[in-house]
Amino acid sequence: MEETLQHHTYTKDNAVFPFCKGCGHHHYVNHLDEALFALNIDPKNVCIVSDIGCIGILDSLFATPHTFHTTHGRSTAFATGIELADGILRNSKLKTIVVIGDGGATIGLLHLVNAALMNVDVTVILANNFLYGMTGGQHSQFSPLEFVTPTTPAGNIVPPIDICSIMKSCGATYIKQAVATDKNLGSIIADAVNHPGFAMVEVLELCTEWAVPFNKFDGKTMNEKLRHSNDGGVPQRKDFATLYKEKVLGNLKKTIDDTVTPAYTSALNGSRRIVLAGTAGEKVQLASFLYMKSAIASGLHATQKNDNPVTQGSGFSLSELCVSNDEILFTGIDQPDAVIIASADGLKEVLANGTLSRCVAETIIIADQTLPEFECAGKISRLPLRALCTGSRAALSALAALNVVKGWISQDALWEMIDGKFKDKSGSFHRDIEALMPFIKT
Amino acid sequence: MIAEGALHAGCQFFAGYPITPASGVYKAMIEQLPQRNGVAISAPDEISALAYCVGASGRGIKAMTASSGPGWSLMIETVQYALMTELPVVIALVQRLGPSTGGATQNGQADILFTEFCTSGGYTIPMFAPSTPQECYEVTTIAFKWAELLRTPVIILSDKEVGMMSEDVDFIKLVSAPVSYRKEFSTKNGTEHHTYDFQNLEDVPLFSPVGGDYKVTMTGSAHDKKGTLQKNSRETIDVLLHLQAKIDAHAEEMSIIRIDNEEQANTLVVSFGITARTAREAIRRARLAGKKVRNANVISLFPVPGTALQAAAAGVKRIVVAEENLTGQYRSVIRSLFPDQEIVGVNAVGTLITPKNIMDALL
């Protein structure tokens, strides 16, 4: 005889279960329906987010709640998105319930971990039958030791995931383990759904098709061997949506203000392309940024591109600048007008990336005088950048001194930018530039 | 500027995971969105990031994420889910050098085919490529418009050179698409709500959010108009045909190509993204040298703007497709549009294409 549903409030009338005879999923569905019935929730305020596998097709049995049948293991992540939108941007009306198996919980473990850490108001009901029933009974990472399946014919030799312990270590505030045949499963699910914040209910089941024929587990041994006492969540804490509304939403006052008003002018005709090369942490890219903003303040167009090793804080630091009175189209530097080399790291990089080989006779090269000799077509000025300015001022001082000599962008704009950035320390730059300027070969 | 465009378009949800060169979008959204009554959160991986967005979209919220090749690889399962469930979402993909982790701070324009043809089943995902910060803003507003109106995922295909470059932007001159919202179902229409209902194949189903007044049945599996799991009923096949038909029906409207015309041109240069800027410089120089050349900057890469491209190529003997990848990916896509014309590629890997590279390929 086909097993049918006991309640008809949320599930379809006379729906025929698609599950095998004796499968725990029957109890699961009935108890979920019973829980929703007991809570008396408007079905429009329920969203069942189902996963893949036998339990994943449960959504088709529910007539009135919203359902989201998702991809394998990702149900918790989709549910998290629904809950964040609902809890923060809408009216927190939804009860979001994830229906997932042990396979989905394995492949999507990180989604469960993060949902528990965030304490999103999502209830996960994990149907753990210790194997992949739909695809032929293969063992899962939830299979107990010695469990016999088509893929563990000699018995499983790897211990199973203890999801309740993992969830506890992630700060889940509601964790319960039950066996599908437990009479009080409905009230456990109701408690979990009602719980504010993340809730995990692990429901133990035996797959009648693949587990029962090959293993000695029965209801009694499952109770004795598999049920454990690792449930019970950590003390209640605020859920993510509540915290976000309190601490983040509307409270961040930081604004990005990179607005530049072109209050100065420049007589530059055409474009100038400059490469700055130095060592990470020595304000090479900052120098470039200030020059770019000053160029824009001079009424010019400007682009800036930076490069550095992947670790960012060590090795070379490189920046490419282009300033022009016309729109800048090509953003690369096929022929530099100036190259500033502030350190050995910088020299190594401009040698390696071909910058120096693209220089022509008119290219102005300003290099620290302690650097080794190098071949380059440009006019090289070797100056005591590091000795005079220290490493952290070398790039900007050299660039500003070059600008005093060449007048590509408004020097007043550049001074305003430097004084604004370094305030009472900007006097050092004035001294550096005075000292460097006479020695730049152009 | 992608973040600015998203905010203008009414994006209220962003989930991100750090990756160079897309992290700038993530940071800007974390800073800006909560001030504009939106949610910007950090996901533990890219799979979660896109799934959070798709979930939020199901609740009726405009959502976006941003990533690059390695992170995009992880998102492909979920973008297919968004396509199948007809949930709008925008993905800003800032390309870098591949394959695998490739080069985080090196440019690439080599994820075109990988991105467009990532669906099992081969459905068209609208894809727009900006070449300047201004276009990043504009294209993002366009991406949201089509995502919402057609209930589909839309890709913004940027690249490291465009995405990580700082540049002057005149905010007064910014251009944007009209702010659009998915059309919502209402019983005033006198019909029963079905999650995927349509009359003609190209129609877009009226939306109702989970948590709304009408029961929603979302599913990534083959389904009928109600969202009921089906194998191959006539209606289920119709739903699959509809997924492509709704995009095809708007292909002409989505087409954006910026032409710099020269009536007597011998050569047409086709490019997109950062290379489009280089092409404009190459054409400027070539014309100074007396060459007759026309330029086509393709913004809407997919659906392929075939009519506009063929019109752009009228009368030219040679078509040069410049793109920073090894095999000429977009050239391979558009080659069949030009059976009687010579089509050549200018390609590079790990280095910018220069104006000279393009000039050397002109007639």
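Residues numbered from 1 in each chain as written. Chains lettered and ligands numbered in written order. Predicted model: local features only at pLDDT ≥ 70, side-chain atom pairs only at ≥ 80, totals over all residues. Heavy atoms only, no water.

J.: Just to check I follow, could you spell out helix α10 (residues 274–288) of chain B for this structure?
T.: It helps to recall that an α-helix has 3.6 residues per turn; residues three or four apart then point in one direction. Residues and elements named next belong to chain B. The end-to-end C-alpha distance of α10, which contains 15 residues, comes to 22 Å, matching closely the 21 Å that a straight helix rising 1.5 Å per residue would cover. When we look at burial in α10, the residues that qualify are Ile274, Thr275, Ala276, Arg277, Thr278, Ala279, Glu281, Ala282, Ile283 and Ala286. In the segment just after α10, Gly290 is the residue with positive phi, at about 90°. (Helix = DSSP H or I, 4+ residues; strand = E, 2+ residues; numbered from the N terminus. Expected span 1.5 Å × (residues − 1). Buried < 20%, exposed > 50% of the residue type's maximum accessible area, 1.4 Å probe, protein only.)

J.: When you look at the interface of chain B and chain A in this model, what are you seeing that I'm missing?
T.: Interfaces are frequently sized by the accessible area removed from exposure as the parts join. Facing 64 residues of chain B, the contacting portion of chain A comprises 62 residues. Contact with chain A buries area across many residues of chain B, yet Arg59, Asp168 and Lys215 of chain B alone supply 13% of it, more than any other trio. On the surface where chain B and chain A come into contact, there are five salt bridges. Of the charged contacts in the structure, one is a salt bridge between Arg280 of chain B and Glu327 of chain A, with a shortest N-O distance of 2.9 Å. The tally of links from chain B across to chain A stands at 27 residue pairs in polar contact (both at pLDDT 80 or more). Counting residues per element, the ones that place at least two in the side of chain B that touches chain A are α2 (23–32), β2 (39–42), α3 (46–58), α4 (69–85), α7 (160–163), β7 (166–167), β8 (217–219) and α10 of chain B. (Contact = heavy atoms within 4.5 Å. Buried area = accessible area lost by both parts, 1.4 Å probe. Salt bridge = Lys/Arg side-chain N within 4 Å of Asp/Glu carboxyl O. Polar contact = N/O pair within 3.5 Å; in protein donor to acceptor, adjacent residues only side chain to side chain.)

J.: Help me out: how do you make sense of the sheet that holds strand β6 (residues 153–159) of chain B in this one?
T.: Residue and element names in this part refer to chain B. Pairing in this open sheet of seven strands is mixed, and the strands run β2-β1-β3-β4-β6-β5-β12 from one edge to the other. Because the sheet does not close on itself, it has two edges, and the strands there are β2 and β12 (300–302). Where strand β4 (residues 89–95) meets β6, seven bridges bridge the pair, whose relative direction is parallel. Counted as the bridge partner of Ala92 is Ile156 from β6. (Pairing = 2+ DSSP bridges.)

J.: What should I look at first to understand the layout of surface pockets in this one?
T.: Counted as a void, the second largest pocket has a volume near 690 Å³. Sorting the residues of the lining of the second largest pocket by element identifies β10 (301–307) and β11 (316–324) of chain A together with α7 of chain B as the ones contributing at least two each. When its residues are assigned to classes, the lining of the second largest pocket shows eight nonpolar, eleven polar and nine charged. (1 Å grid on protein atoms, 1.4 Å probe; cavity = no way out; pocket = protein on both sides within 12 Å on 5 of 7 lines; lining within 4 Å. Points joined across faces, edges and corners; volume = space filled by probe spheres on them. Nonpolar A, V, L, I, M, F, W, Y, C, P; charged D, E, K, R; others polar.)

J.: Honestly, the sheet that holds strand β10 (residues 267–271) of chain B in this entry has me stumped. Any pointers?
T.: Residue and element names in this part refer to chain B. Pairing in this open sheet of five strands is mixed, and the strands run β9-β11-β10-β13-β14 from one edge to the other. Two strands lie at the open edges of the sheet, namely β9 (257–260) and β14 (342–347), each paired on one side alone. Within this sheet the neighbouring strands show an average axis-to-axis angle of 20°, counted without direction. (Axes fitted to C-alpha atoms, helices over the stretch in contact; angles between N-to-C directions.)

Don't take any of this as a statement about function, it's just geometry.
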